[in-house]
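# Architecture at a glance
Okay, here's what each chain looks like letter by letter:
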Amino acid sequence: MSVKVRFAPSPTGLLHVGNVRTAISNWLYARKMGGVFFLRIDDTDLERSTKEYEEGLKEDLRWLGLNWDETAKQSERFASYDAAVEKLKSDGRLYPCYETSQELDIKRKIQLGQGKPPLYDRAGLNISDAEKTKYEAEGRTPHWRFKLNIPARVEWEDHVKGHQSFDIAALSDPILVRGDGTYLYTLPSVVDDIEFGITHVMRGEDHSANSAVQTQIFEALGAKAPDMAHFSLLTGAAGEGLSKRLGTASIKSYREKDGLEALSIVSLLARIGSSDPIEPFTSIESLIDGFDFSKFSRATAKFDPHDLEILNAKILHVTEYDAVKDRLPEGATEKFWNVARANIKKLSDVDEWLTIVSGPITPVIGNADFIAKAGELLPQGNWDETTWKAWTTAVKEETGAKGRELFMPLRQAVTGLQHGPEMGSLLPLIGETRVRARLSGEKA
Ligand code: GLU
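Residues numbered from 1 in each chain as written. Predicted model: local features only at pLDDT ≥ 70, side-chain atom pairs only at ≥ 80, totals over all residues. Heavy atoms only, no water.

### With respect to the packing of helix H1 (residues 17-32) against helix H10 (residues 262-271)
Across the interface, H1 lies against H10 with an axial gap of 9 Å and an inter-helix angle of 80°. Taken together, the axes of H1 and H10 lie roughly perpendicular to each other. The residues of H10 that touch H1, namely those facing Val 17, Val 20, Arg 21, Ile 24 and Leu 28, are Ile 265, Val 266, Leu 269 and Ala 270. Of the residues that constitute the contact of H1 with H10, the class distribution is eight nonpolar, no polar and one charged. (Axes fitted to C-alpha atoms, helices over the stretch in contact; angles between N-to-C directions. Helix = DSSP H or I, 4+ residues; strand = E, 2+ residues; numbered from the N terminus. Parallel < 35°, antiparallel > 145°, perpendicular 65-115°, else oblique. Contact = heavy atoms within 4.5 Å. Nonpolar A, V, L, I, M, F, W, Y, C, P; charged D, E, K, R; others polar.)

### Examining helix H4 (residues 101-113)
Here H4 is 13 residues long and its end C-alpha atoms lie 18 Å apart, about the 18 Å a rise of 1.5 Å per residue gives. Gly 115 sits one or two positions beyond H4 and adopts a positive phi of about 75°. (Expected span 1.5 Å × (residues − 1).)

### Describing the packing of aromatic side chains
Aromatic ring pairs are defined here through the distance separating the ring centres and the angle between the ring planes. Going through the model one piece at a time under the given rule, you end up with 13 aromatic pairs. An angle of 85° between the planes, with centres 5.0 Å apart, marks the rings of Phe 231 and Phe 296 as edge-to-face. Of the two residues, Phe 231 sits in strand E10 (residues 227-231) while Phe 296 sits in the loop between H10 and strand E12 (301-302), which places them 65 residues apart along the sequence. Here Phe 231 matches Phe 296 in class, with each residue buried. (Phe/Tyr/Trp six-rings, centres within 6.5 Å; stacked < 30°, edge-to-face > 60°. Buried < 20%, exposed > 50% of the residue type's maximum accessible area, 1.4 Å probe, protein only.)

### Observations concerning the environment of His 16
Relative to the assigned elements, His 16 resides in the loop between strand E1 (4-7) and H1. Measuring from C-alpha to C-alpha, the distance between His 16 and Lys 252 comes to 8.3 Å, with 236 residues separating the pair along the chain.

### Re the sheet that holds strand E4 (residues 94-97)
In space, the three strands of this open sheet follow the order E4-E5-E8, with antiparallel pairing throughout. Looking at the sheet topology across the chains shown, the edges are occupied by E4 and strand E8 (175-177). In this sheet, neighbouring strand axes are inclined to one another by 45° on average, regardless of whether the strands run parallel or antiparallel. Here strand E5 (residues 143-146) runs beside E8; their pairing, made up of two bridges, is antiparallel. Directly across from Arg 145, in E8, lies its bridge partner Ile 175. (Pairing = 2+ DSSP bridges.)

### Re the site of the ligand
Neighbouring the ligand are Arg 6, Ala 8, Ser 10, Asp 42, Tyr 185, Ser 189, Arg 203 and His 207. At 3.3 Å, a side-chain N or O of Ser 10 approaches a nitrogen atom of the ligand. At 2.6 Å, a side-chain N or O of Arg 203 approaches an oxygen atom of the ligand. Relative to its unbound accessible area of 300 Å², the ligand is 79% covered by the protein chains. Grouping the amino acids of the shell around the ligand by side-chain chemistry returns two nonpolar, three polar and three charged. (Near = heavy atom within 4 Å. Polar contact = N/O pair within 3.5 Å; in protein donor to acceptor, adjacent residues only side chain to side chain. Areas by Shrake-Rupley, 256 points an atom, 1.4 Å probe, with all protein chains shown as cover.)

What follows is the structure, encoded as structure tokens:
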């Protein structure tokens, strides 16, 4: 059986860490199995879904390297959902209910007051035609509930959470169609999973109860539920539920505001909550082979955005020039990149090093006599990685300065800074003319 999985975001907001973890897992599994990664746009909520959010989430996925093989929009598939509704109605699995939300609220409060679970009492199943006519004369339009098969347990072998068993009697018959005729997520998702031949549904464990209900809907529509994998949720660093701030930190803001590399997000979210170590990856492909459901823990996983920053630096330190050259500022050569990359945390940090190499900077000259003497000893012509050593050896012999006293004033005069890449590599990049100018105190 060839694998087909789907990522199904709703275009009602920006993609965040939680959704992207689901997207990455689906993508890796599809690629590992030589299967299909399907992007489903869950835009049945026509009021809250926007074209901008849809474009934005596609941009995020492309940026992350999560290319999709097929796509569909739920808003273009209402005919299929309507057909499923007709089937469920004629099979007696979908029934009209006329309660207002206030009436349902009162029912719930009474049940809770009696110490009972707030389950829907199925009153809608027993209303007479006369009552229906009366409600409709009052201007009420029904919402539609799916009649769960009770008593029943729904069980499945979850690829992440192991054996799952839900007592369906503990659940209310779910509303599938609202009073205004719009669809809740539950039914369209099942119809699509059937029609597009989805073999595995992978999503967060907050969907576990939906999966139990949807399993019965699959069956009511004559299909078998796909395999399931529910990932444990992410928490904040201290184990608290992902705060609004962290949980909703968008991929777009990590990209645009924080300037993070896509691969730092991919490296972290592909491995978080699994037994594999979190490591810097410089290509998403290298994560494919190692993806395995059995490595994922059933316990919640901690997400700390600081880990993204750490990974970001580590990834940049080993990134090859060819992989970044299109994003580097003009004048940044391969030699420059190989020297600068070890000293940056974000790609934009290269700007500072490029200025140090190509100027202008203001040299910092503490002891003018010392620097003047060093200037006289500067080797002439044919600079390479050995020039710094030759120069500092000569300065040491001449002045007697050594260690920090020798190196720091030279570094400060040549770069204006107290820290930075190896001077041996930096010196030939700056070049003789500019170094001479800086040693004589010129802004160069
Ligand atoms: N649109 C749903 C969500 O974002 C999809 C859930 C699913 O994967 O079935 O929660």
